[in-house]
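# Secondary and tertiary structure notes
So you can see what is in the structure, the chains are spelled out below.
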Amino acid sequence: MRGRPTQKDVAEKAGVSQATVSMVLNNTGTLTVSTETVERIRAVAKAIGYTPNRFAQALKTRKTMTVACIVPDITNPFYPRLIRGVQNVARAHNYDVLTVDTDSSEKREQHFLSWAMQGRVDGVIGVFFHLRVPDLSALLDTGIAVVRVESSHKAGGAQPIDDIFIDSKAASMAVTQRLWQAGHRRIAMVAGAGGPERVRVEGYREQLSAFGADPYIIVDEAFNEVGGLRAGERILESGFAPTAIFAANDLMAIGVMRALRARGLDVPRDVAVFGFDDIPAAPLVSPPLSTVTQFQENLGEKAATILLERLTGEREGAGSTHEMPFQLIERASV
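Residues numbered from 1 in each chain as written. Predicted model: local features only at pLDDT ≥ 70, side-chain atom pairs only at ≥ 80, totals over all residues. Heavy atoms only, no water.

Secondary structure summary: the chain contains twelve helices and twelve strands in total. The C-alpha extent of the chain, read off along each of the three principal axes, is 80 × 40 × 30 Å. Across the 334 residues that make up the chain, the buried fraction comes to 49%. The contacts of the chain with a sequence gap of at least 6 include a subset with a gap of at least 24, amounting to 67%. (Helix = DSSP H or I, 4+ residues; strand = E, 2+ residues; numbered from the N terminus. Buried < 20%, exposed > 50% of the residue type's maximum accessible area, 1.4 Å probe, protein only. Contact = heavy atoms within 4.5 Å.)

Before going further, it helps to spend a moment on helix α9 (residues 197-210). Compared with an ideal rise of 1.5 Å per residue, which puts 14 residues at 20 Å, α9 spans 20 Å between its outermost C-alpha atoms and is within 8% of the ideal. Within the span of α9, buried status applies to Glu197, Val199, Arg200, Val201, Gly203, Tyr204, Gln207 and Leu208. The inward-facing, buried residues of α9 contact α8 (168-181), β6 (187-192), β7 (216-220) and β8 (244-247). Residue Gly212 follows α9 closely and has a positive phi angle near 80°. (Expected span 1.5 Å × (residues − 1).)

Moving on to the nonpolar core. Ile125, Val190, Phe246 and Val273 are the most contacted members of the largest nonpolar core, which has 68 residues in total. Among residues more than four places away in sequence, those in contact with Val190 are Ile218, Ala231, Ile235, Ile245, Phe246, Ala247, Ala248, Met252 and Val256. Among the nonpolar cores identified, the runner-up in size contains 17 residues, and Ala116, Phe128, Leu136 and Leu140 belong to it. (Core = buried A, V, L, I, M, F, W, Y, C linked by side-chain atoms within 4.5 Å.)

Orientation of helix α1 (residues 7-14) relative to helix α3 (residues 35-48), taken along the N-to-C sense of each, is 120°, at an axis distance of 9 Å. Here α1 lies oblique to α3, going by the angle between them. When the axes of α1 and α3 are compared, the crossing they make is right-handed. Of α3, the residues touching α1 (which contributes Asp9, Val10, Lys13 and Ala14) are Arg40, Ile41, Val44, Ala45 and Ile48. Split into classes, the residues belonging to the contact of α1 with α3 amount to six nonpolar, no polar and three charged. (Axes fitted to C-alpha atoms, helices over the stretch in contact; angles between N-to-C directions. Parallel < 35°, antiparallel > 145°, perpendicular 65-115°, else oblique. Left-handed = near helix turned anticlockwise from the far one by under 90°. Nonpolar A, V, L, I, M, F, W, Y, C, P; charged D, E, K, R; others polar.)

Approximately 680 Å³ is the volume found for the second largest pocket. If you go around the second largest pocket, you meet 35 residues; those closest to its centre are Val127, Phe129, Gly194, Gly195 and Pro196. Where the lining of the second largest pocket is concerned, the elements lending two or more residues are α5 (78-92), β4 (145-150) and α9. Considering only residue class, the lining of the second largest pocket consists of 15 nonpolar, ten polar and ten charged. (1 Å grid on protein atoms, 1.4 Å probe; cavity = no way out; pocket = protein on both sides within 12 Å on 5 of 7 lines; lining within 4 Å. Points joined across faces, edges and corners; volume = space filled by probe spheres on them.)

Now for the side chain of Asp277. Within the fold, Asp277 resides in the loop between β9 (272-274) and β10 (291-293). Only 2.7 Å separates the side chain of Asp277 from the side chain of Gln294, close enough to count as a polar contact. Not counting residues within four places of it along the chain, the set of residues in contact with Asp277 comprises Phe78, Arg200, Asn249, Asp250, Thr291, Val292, Thr293, Gln294 and Gln296. (Polar contact = N/O pair within 3.5 Å; in protein donor to acceptor, adjacent residues only side chain to side chain.)

This part takes up the pattern of salt bridges. Under the counting rule described, the total for this entry stands at 14 salt bridges. In this structure, Arg331 and Asp278 form a salt bridge, with 3.0 Å as the shortest nitrogen-oxygen distance. With Arg331 in the segment after β12 (327-329) and Asp278 in the loop between β9 and β10, the pair connects residues that are 53 residues apart, well separated along the chain. According to the relative accessible area criterion, Asp278 is buried, its value standing at 11%. (Salt bridge = Lys/Arg side-chain N within 4 Å of Asp/Glu carboxyl O.)

With that settled, the discussion passes to the sheet that holds strand β1 (residues 66-71). Pairing is parallel across the open sheet formed by six strands, whose spatial order is β2-β1-β3-β4-β5-β11. Each edge of the open sheet carries a strand with a single partner, namely β2 (96-101) and β11 (321-324). Strand-to-strand, the axes of this sheet are offset by a mean angle of 20°, without reference to chain direction. Bridge analysis of β1 against β2 gives six bridges, and the strand direction is parallel. (Pairing = 2+ DSSP bridges.)

Following this line, the structure appears as structure tokens:
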């Protein structure tokens, strides 16, 4: 045998038609052959090294059996766990997952929108900081399913765009309330520009207002440890003298802790620190970081399940919205 083994080669060695081989190996149609024949075909395919030609299948079925997971920052440990959840479900349905990183850039989000419209994927799961429903309509027009992972409630609409979300505002209010109940009256917040920053800051601000206290917020352009370090330094230089600092994500919280240590301040004796996201490093830093878990793997699994329902036709019609749970995780930083 020369070249790459084909379905015709499998059919000849297994003593069946090529159509039967295609039906068995591609899991298409209703199988009318015996279990013995199915096992023989699969054994022959394995023995001669046959693997399906995904490009040829895509031309026939107009399906790539691939979905894209678009995230703003693959270096943020929040996202690999989300992607893992997507992969868990996709793999069970014989779909591959392509992950792309937009660097939180509107231009990059638009780029991958155009990329997806070229027929490279069947569906998109996206964490979009800039694109809105009108921007995504072109994807839907080409038959590509879209699920968004959001940081605030979405009402759903006529367009078949499905949303899952964590109520980040409610989570931020819960953190602020917990710090207040612990006796903190000077609670500062640090946040990175863009993404979930607006709703998380809004929750902090509203809860403090309900307590009759004034907010103190530092927003840095970087939603990461460097941004947290810079924001922490600015708070310490401001004269505000917080007893607690709430960071809009864990990476920023870790940066804040670095700033505090550099000034000789102890966490939590001098300043308590609370993060958001429960990244894998959160329980490993010293002291272990209190934070908000969003159950990221569950988020990914839910997003992929909804997307696959769209792709298989189980879910039709207008868009849906699904709220997912959060939980405060208290460790030694408060």
